[in-house]
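Understanding the architecture of this molecule
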Amino acid sequence: MEKLNIMAIGAHPDDCDFRFGGTAIKFLAAGHRVMFLSMTNGCSGHQTSPGQAMAARRYNETLAVSKLTGVEYKMTDISDGSLTTDLLYRDVLMREIRAFKPDMIFTHRPNDYHPDHRATGTLVMDCSYLVIVPHVVPDSLPLHKTPYIFHVYDRFKYPTPFVPDVVVELDSVIDKKTAMLDCHASQVYEWLPFAGGYSAEVPPEHDKAGRLSWLKTYLEKREPCITGRYKEILIERYGHEKSLHVQRCEAFQLCEYGAQGDIKQIRQMFPL
Ligand SMILES: [Zn+2]
């Protein structure tokens with residue numbers, strides 16, 4: 001199979017891991033190249049120690065993910081909480097996409113609770129056609145073709161709910177995905193529990209095994225429920241017998257602004 005360049009673009013250092021981590025692990029195992037790009041430096045994602053020290057900590061967390069998995073992790077120096085769809089940021093993203101030459105891009109939908117997520121999703125769509133236009137950001141070489149663009153799963157319903165086009169089983173890599181998210185300790189054990197009001201549930205730092213077990217359960221709760229269309233797509237890909245046993249999955253929606261094609265053939269590009 002042709003070696004693909006797979007690029008996930010999230011607003012913060014951990015977004016790609018949460019919604020695409022398991023599928024990324026599978027793409028890597030199949031010999032493809034995977035990059036995670038964080039559009040901000042994550043400097044605001046903590047209750048007690050924000051700023052440059054936090055950005056540095058989060059950068060180190062991305063390095064740990066790279067070391068563990070082989071994902072190429074990049075982070076811009078744009079401040080967390082400040083991303084907009086400004087031309088300046090579009091140009092930053094355009095250069096990153098053109099440098100990596102992705103066959104597929106994974107990103108947020110533009111309807112999301114977090115303004116950085118919304119801006120990231122919109123910026124990717126703003127680049128989707130322009131990446132092939134030579135006179136836009138002429139200091140970077142244009143791509144020859146528009147990549148496939150996929151939106152990652154979210155639970156938001158307004159103005160339209162997420163509709164899965166591709167479903168990848170997660171059970172076989174859930175331990176590796178948990179280890180990937182464990183690298184983002186500042187988020188999964190500190191900031192997110194604080195912001196969500198469940199810090200008391202998190203096992204103490206010295207209890208490494210307890211933390212991993214808690215994190216795995218936490219991740220499982222955040223994945224989509226396998227019903228309806230999710231189930232139909234799983235059966236098409238994995239067959240009835242195997243689909244019956246799948247408990248967790250990651251799901252993606254094809255964006256109309258990227259490359260298009262027969263969805264059954266596009267599903268074949270994904271690792272099982
Ligand atoms: Zn985020």
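This section reports on the structure supplied with the text. (Residues numbered from 1 in each chain as written. Predicted model: local features only at pLDDT ≥ 70, side-chain atom pairs only at ≥ 80, totals over all residues. Heavy atoms only, no water.)

1. Quick notes on the packing of aromatic side chains
Counted under the stated rule, the structure contains 19 aromatic pairs. Relative to Tyr-218, the ring of Trp-214 lies with its centre 5.1 Å away and its plane at 10°, an arrangement referred to as stacked. One end of the pair, Trp-214, and the other, Tyr-218, are both in helix α7 (residues 208-222), four residues apart, so they sit about a helical turn from each other. For the pair formed by Trp-214 and Tyr-218, the shared burial category is buried. Clustering of aromatic rings is evident, with ring pairs tying together Phe-20, Phe-27, Phe-36, Tyr-73, Phe-106, Tyr-148, Phe-150, Phe-252 and Phe-270. The ring of Tyr-189 is capped by Arg-211, whose NZ or CZ atom sits 4.3 Å from the centre of that ring. Just above the ring of Phe-18 sits the side chain of Arg-222; from NZ or CZ to the centre is 4.2 Å. (Phe/Tyr/Trp six-rings, centres within 6.5 Å; stacked < 30°, edge-to-face > 60°. Helix = DSSP H or I, 4+ residues; strand = E, 2+ residues; numbered from the N terminus. Buried < 20%, exposed > 50% of the residue type's maximum accessible area, 1.4 Å probe, protein only. Lys NZ or Arg CZ within 6 Å of the ring centre and 35° of its normal.)

2. Let's talk about empty space enclosed by the protein
What the rule picks out here adds up to one cavity of 30 Å³ or more. By volume, the largest cavity is sized at about 30 Å³. Lining the largest cavity we find Ile-97, Ile-105, Val-124, Cys-127, Ser-128, Val-131, Pro-147 and Ile-149. Top contributing element to the lining of the largest cavity by residue count: helix α4 (residues 115-130), with three residues. For the lining of the largest cavity, the per-class residue count stands at seven nonpolar, one polar and no charged. (1 Å grid on protein atoms, 1.4 Å probe; cavity = no way out; pocket = protein on both sides within 12 Å on 5 of 7 lines; lining within 4 Å. Points joined across faces, edges and corners; volume = space filled by probe spheres on them. Nonpolar A, V, L, I, M, F, W, Y, C, P; charged D, E, K, R; others polar.)

3. Here's the deal with the coordination of the zinc ion
Within the protein, the atoms that donate to the zinc ion are His-12 (ND1), Asp-15 (OD), Asp-15 (OD) and His-117 (NE2), at distances of 2.1 to 2.4 Å. Taken together, the four donor atoms coordinating the zinc ion span angles of 56 to 133° at the metal, a pattern that classifies the geometry as irregular. The sequence pattern formed by the donor residues of the zinc ion is H-x2-D-x101-H. Residue classification places Asp-15 among the buried residues on the basis of a relative accessible area of 12%. (Donors = N, O, S within 2.8 Å, 3.2 Å for Na, K, Ca; no water. Tetrahedral: all angles 85-135°; square planar, octahedral: opposite > 155°, others 65-115°.)

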